Every structure is written in C-alpha cells, then in structure tokens.
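# Residue-level structural notes
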2 protein chains.
Amino acid sequence: MLERIRIVLIGTSHPGNIGGTARAMKNMGLTDLTLVSPRGEARSADAISRASGADELLAGARTVDSLEEAVADCTLVVGASARSRTLPWPMLTPRALGERLPNELTGPETRMALVFGREDSGLTNAELQRCHAHVHIPSNPDFSSLNLVTAVQVLAYECHLAWLATQQAETPSTQEEHQPFGIEWDNPPASHADLERFFAHLERVLIAIDFHDPATPRQLMARLRRLYLRARPDQMEMNILRGMLTAMEKHAGRTPGADSGDMHP
Amino acid sequence: MLERIRIVLIGTSHPGNIGGTARAMKNMGLTDLTLVSPRGEARSADAISRASGADELLAGARTVDSLEEAVADCTLVVGASARSRTLPWPMLTPRALGERLPNELTGPETRMALVFGREDSGLTNAELQRCHAHVHIPSNPDFSSLNLVTAVQVLAYECHLAWLATQQAETPSTQEEHQPFGIEWDNPPASHADLERFFAHLERVLIAIDFHDPATPRQLMARLRRLYLRARPDQMEMNILRGMLTAMEKHAGRTPGADSGDMHP
C-alpha cells in the first residue's frame, strides 16, 4: 500500500525542506517523491544533510514541470491545504484520509498523490481545484501554518498507521487490553497465588516492624493491594519483592516465615 | 489541557531544531518548552528563523541543568524512545498517549512532560528510567530515527487531536481499562520529585538491609523503578511506602534519613 503513495512538492524554495521530506518519507516507509519546479537545488549539500541517510530516495526523486505531469497516473489526488477557501471543497482530516487508504489503494492501478505547496504561499486555487479532496492538519487557528517537512511528516505518519492497521488486521494481536505490558515483556506475569503469598508476607513484615496493626487497619493492606495489583508484577519482580521482605525480616530480628526462604532474585 | 503539557528537550545540538520545536508546539497549541543543557545557542538567528513567528514561545523557554529540574513538578513523564531497550518499559503509541491525556490532565496539580533526547543519541538509559512510560512513533524499522522537530510535531499533533476531541465531545471520555487511575481516583498522583525521593530512600534501605550492593547492581533499582513507575503511585500511597521504609530503617538499627520523617499515612 505504501508504495502506491506519492509525495508531490510544488515550487519548494529551501533545499533543506526537500531533504527533510525525503527523510520523513523514508521514516514512514514511503518511497515515491516527485518535485514540481523546485525553486532551490534539490540535491544541494543542505538537502543531502537534512535527508540524513535517505539519500537514495532524494537521488531517485523525479523532477517535472507541472502538477499535471506529477499526478497524471494517480487515481486519488489530495492537496494539503489551510482550512478556508472561497470555494468549499471536500475536506478530510489526516486521520480520515488514512482510514480511506486501504480501500483506495487496493487495485494494481491505484495510486495516490499527496500534494504540498510552496513554503510561503501554499497551493494556488488552480492547483487545489485539481485535487479530489483537501486535507487539513488540525492546528492552532492563530498559528496554523506548519513547516513543510513537519506537515509531510504528519501525513506520512497517518499513512503509515493506516498501513500498519492493515498488517495487524491480518495477524491479530494477542495483547490484552488491560495488560500494562505487552507481548514483548521480559518475564511472565506473576500468578494470583504468587501475589497472595506476597501480600501475606508483606503484612507479616509490616506487623513485625510496627508499621501495621491489624486491630486498626485503616485500609492499609487494601491500599497496598490496589497499588501492587495495578502494577501487574511479573515473576522476576515478585521474586525481588519477596527477597526484600525476607531481608527485612532478618534485619528486624525475626525469623523469616516458613515459605519465604530462597526468594532472592 | 494543552497548557499542562511540557516539551522537554535534552542536550539539543542544533539551534534550528529548538526553533523548529517552538514552531511545531505553537502550531499545536502547546506553550511550555524547557531546555536541559542545550549544546547549541537556543536563541541564535537560526533558531529564531526556524521558529518562524513562534518567537515569544522560544524567548519564554526555560533552561535548566538537569532532567530532574525540568520535570520535578510533573505527574506524568513520558520519554520519546526507539522501541528496543535491554529492560522493557511500559510503551505507548502516540495515539494511545493522546487518548489517555483527558483523564491524566484533569486536576490542577497534573502536568505531563514529553521528553526528547539528543539528535545523535536520544535519551540515555538513566533518563529513560526516570520516565513512567516511553512513547515510540511507529516507523520503518530499517530507518526509524525521525528528525527531532518532526518527532515533536507528531506527538504534539496527537496531543492536539486529543484536546480537540474533548472540545467536540460533550460527553466525558470513557476511561480506559488499563488506566491506573482516572477522574474518579481518590488522591492526586505523586510528583516526579516525590518518586525520586522515594527511590533514593528505597535504595538506602535496601543497602542497609544487605539486599542491594551498588557495586553489583544487577539492574535491581532499574527493575524496581519500572515496577513503581508503572503503578503510578498517588500521594497517599507514596506516604505509605515512605512510612514503611522509615519503619524498616528503625528496625534495621539505622537512623532514618534526614527527609524521611513524618511520612506515616
């Protein structure tokens, strides 16, 4: 899907912005860059410096003389635009654009162009009117003009997320919603029984060090339960906490409880 | 909500990136910028040029010497990070982060810091381990390092969308299942400074009871940081944990540390 998305920059003045666009595209897995009549040198030292490793994408950029040429083979042309124009046009948010992509870019002949205008003046009305739709990045109405590269980055990011969603839909994630840590965690979660043994041990230690009086509990154990259960300790963390309790018992001059031995991490 | 979001840049080399960050922030309605030991001149001509009208935001940026200072009053600290680290840490997508914000940033004492590292090397492990969670911008695994400004732009954009959603939805947002605490929680969250005092106190106690040897740390403190940061302790829980440590110190025959008195719940 991402290989069918073209970034088109019209009349760019600053070569650094062309290089920065190449980097932002490569970061998001886009590869097709077309420049329409750039006003600066597209392969200057500044452009290459800002490309920061996306050199081959920059070198492979096509340069043409007109928007027509740049988007001739595209089945969807979307212009990046400020919100208000004299003639209202179909307007998408970046997110809504992303959500449309999987359906838009299915066939072998499909291709989308995302068109960005000049740093100082954006797209002309004539250019905007060659687009199927306009996309506006929500922003501070008093300061709404984004830098060209950061605008490319935001839209490329939404394209990347839309593509990721298609990949994940094919291989459903096993990650549970309520899990504070996901499948890449380094240790399996502690069991309910482990947690209950920990709470019993914790309560013994708190009594031994005169911090907790079961006769006036003041919700102490309830609050500690809520805290530790919320954290969803893994098995290694459980062993560390149990080991700490055992060490504390020894220093508090008590004999460790029967099931609390050998719990050091 | 947006006024309670702080962007923290650590050790930024290129003044243009500081100016570009100011512009990206103002575009998205953010105003609070803190610089930790910038390596370049934060108000250079290049910075002002890239700020492109966000001059007053740039001029109002606070400069401090440490991450500690930058985030001491924050109740949620999120570090921008590449995906893989030796010790896995709670990881959010930019979207999931945005979705959490309306519940995170409700109270008058709430404040979130989004922390960005150096252009060349990002955040150190020590810096990452001071964060409640990390946020990773989905990207091309073969070319995943975004430009600093475009990374700020993407995260600021997600914050802006989350804020817009609160403006547009009259009904309160639904609390996520894995949310450690939301609008109905009974105590305000502990600040970063509270948590750091707790970790320092915890480490002293673990050394005193011979459980922890700083000469062979075996990631012990890192694992404990990860556990407690994940749980997002509230102020009452923090007092309980500090009180427990003080009681343990007394029983271990040590004099409690200077700032650990009067911490019983």
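Residues numbered from 1 in each chain as written. Chains lettered and ligands numbered in written order. Predicted model: local features only at pLDDT ≥ 70, side-chain atom pairs only at ≥ 80, totals over all residues. Heavy atoms only, no water.

Just so we agree on the cut-off: UniProt positions are given in the numbering used here, feature names are shortened, and annotations may be inferred rather than shown by experiment.
Chain A goes by tRNA (cytidine/uridine-2'-O-)-methyltransferase TrmJ in an unreviewed UniProt entry, where it is assigned to Litchfieldella anticariensis. Per UniProt, chain A has the following entry under Subunit (unreviewed entry): "Homodimer." For the record of chain A, the UniProt heading Sequence similarities (unreviewed entry) holds the text "Belongs to the class IV-like SAM-binding methyltransferase superfamily. RNA methyltransferase TrmH family."

### A few points about the overall build of chain A
Applicable threshold: Under the DSSP-based scheme used, a helix requires at least four consecutive residues in state H or I and a strand at least two consecutive residues in state E, with every element numbered from the N terminus. With a 1.4 Å probe rolled over the protein chains alone, any residue whose accessible area is under 20% of its type maximum counts as buried; one over 50% counts as exposed, and the rest are partly exposed. Note on contacts: a residue pair is in contact if any heavy atoms of the two residues lie within 4.5 Å. Only the protein chains shown count as covering a residue, and every accessible area follows the Shrake-Rupley method with a 1.4 Å probe.
The helix and strand inventory of chain A stands at 10 helices and 7 strands. Split into buried and exposed, the 265 residues of chain A put 51% on the buried side. A sequence separation of at least 24 residues applies to 79% of the contacts in chain A between residues at least 6 apart. Of the roughly 12,000 Å² that chain A leaves accessible, carbon and sulfur atoms contribute 52%.

### Digging into the nonpolar core
Looking at soluble globular proteins, one finds that nonpolar side chains tend to be buried together. Cut-off, in case you're wondering: In this text, buried Ala, Val, Leu, Ile, Met, Phe, Trp, Tyr and Cys residues form a nonpolar core when linked through side-chain atoms within 4.5 Å.
Counting residues in hydrophobic clusters, the biggest one holds 88 residues, and the most contacted among them are Met112 and Leu114 of chain A together with Met112 and Leu114 of chain B. Among the nonpolar cores identified, the runner-up in size contains 50 residues, and Phe198, Met221, Ile240 and Ala247 of chain B belong to it.

### Some points on the pattern of salt bridges
Note the cut-off: By salt bridge we mean one thing: a side-chain nitrogen of Lys or Arg within 4 Å of a carboxyl oxygen of Asp or Glu.
Per the counting criterion, the structure on display carries 35 salt bridges over all chains. Between arginine 232 of chain B and glutamate 104 of chain B there is a salt bridge, with the nearest N and O atoms lying 2.8 Å from each other. Residue arginine 232 of chain B is found in the loop between α9 (220-231) and α10 (235-251), and its partner glutamate 104 of chain B is found in helix α5 (residues 94-104); the two are separated by 128 residues along the sequence. Relative accessible area serves as the criterion here: at 3%, arginine 232 of chain B is assigned to the buried category. Of the residues examined, glutamate 104 of chain B reaches a relative accessible area of 5% and is grouped as buried. Overlapping salt bridges, with partners in common, bring together Arg6, Asp32, Asp73 and Arg111 of chain A in one network.

### Overview of the interface of chain B and chain A
Under the convention used in this document: Accessible surface is computed with a 1.4 Å probe, and the buried area is the amount of it that two parts give up when combined, taken over both parts together. Here a polar contact means two N or O atoms within 3.5 Å. Within protein one must be a hydrogen donor candidate and the other an acceptor candidate, and residues neighboring in sequence count only if both atoms are side-chain atoms.
Each partner contributes to the interface: chain B provides 71 residues, whereas chain A provides 69 residues. Taking both partners together, chain B and chain A bury about 5,800 Å²; carbon and sulfur atoms supply 64% of that area. In this assembly, chain B and chain A are joined by 7 salt bridges. In this structure, glutamate 158 of chain B and arginine 95 of chain A form a salt bridge, with 2.9 Å as the shortest nitrogen-oxygen distance. Here chain B is connected to chain A by 28 residue pairs in polar contact (both at pLDDT 80 or more). Elements with a minimum of two residues in the side of chain B that touches chain A: α1 (15-27), α2 (45-51), α5, α7 (148-168), α8 (192-208), α9 and α10 of chain B.

### Considerations on the confidence of the model for chain A
All names here are of chain A. Convention followed: Think of pLDDT as the predictor's per-residue confidence, scored from 0 to 100.
Across chain A, pLDDT averages 86, with 88% of residues at or above 70. Confidence drops under pLDDT 50 across residues 172-183; counting only partners more than four residues distant or on other chains, this segment forms 18 contacts. Confidence drops under pLDDT 50 across residues 254-265; counting only partners more than four residues distant or on other chains, this segment forms 25 contacts.

### Re α1 of chain B
Residue and element names in this part refer to chain B. Going by this rule: Expected span of a helix, by definition, is 1.5 Å for each gap between consecutive residues, and there is one gap fewer than residues.
With 13 residues, α1 ought to run about 18 Å at 1.5 Å a step, and its terminal C-alpha atoms sit 19 Å apart, in line with that. Of all 13 residues in α1, 13 are buried; the element is thus mostly enclosed. Glycine 29 sits one or two positions beyond α1 and adopts a positive phi of about 80°.

### Section: the side chain of arginine 23 of chain B
Note the following rule: Positive residues here are Lys and Arg, negative ones are Asp and Glu, while His and the chain termini are left out of the count.
Within the element layout of this structure, arginine 23 of chain B appears in helix α1. No salt bridge is formed by the buried arginine 23 of chain B; its nearest oppositely charged neighbour, glutamate 119 of chain A, is found at 9.0 Å. Of the polar contacts made by the side chain of arginine 23 of chain B, one reaches the backbone oxygen of serine 145 of chain A; its length is 3.0 Å. Polar contacts involving the side chain of arginine 23 of chain B include one to the main-chain carbonyl oxygen of leucine 146 of chain A, which spans 3.2 Å. Apart from residues lying up to four places away in sequence, arginine 23 of chain B is in contact with Phe143, Ser145, Leu146 and Asn147 of chain A together with Arg50, Ala51, Ser52 and Ala54 of chain B.

### What to know about the side chain of threonine 110 of chain A
Residue and element names in this part refer to chain A. Mapped onto the elements of the fold, threonine 110 is located in the loop between α5 (94-104) and β6 (112-116). At 3.3 Å, the side chain of threonine 110 and the side chain of arginine 4 are in polar contact. Setting aside its immediate chain neighbours within four residues, threonine 110 contacts Arg4, Thr75, Glu104 and Leu105.

### Quick notes on the packing of α8 of chain B against α9 of chain B
Residues and elements named next belong to chain B. For the record, the criterion: Fitted lines through C-alpha atoms give the axes, limited to the stretch in contact for helices. The angle between two N-to-C directions lies from 0 to 180 degrees. Orientation labels follow simple angle bins: below 35 degrees gives roughly parallel, above 145 gives roughly antiparallel, 65 to 115 gives roughly perpendicular, and whatever is left gives oblique. Crossing handedness follows the turn of the near helix against the far one: under a right angle anticlockwise gives a left-handed crossing, and clockwise gives a right-handed one.
With their axes 11 Å apart at the nearest point, α8 and α9 run at an angle of 140° to one another. Classed by the angle they form, the pair α8 and α9 counts as oblique. The hand of the α8/α9 crossing is right-handed. Contacts from Leu195, Glu196, Phe198, Phe199, Leu202, Glu203 and Leu206 of α8 reach α9 at Leu220, Met221, Leu224, Arg225, Tyr228 and Leu229.

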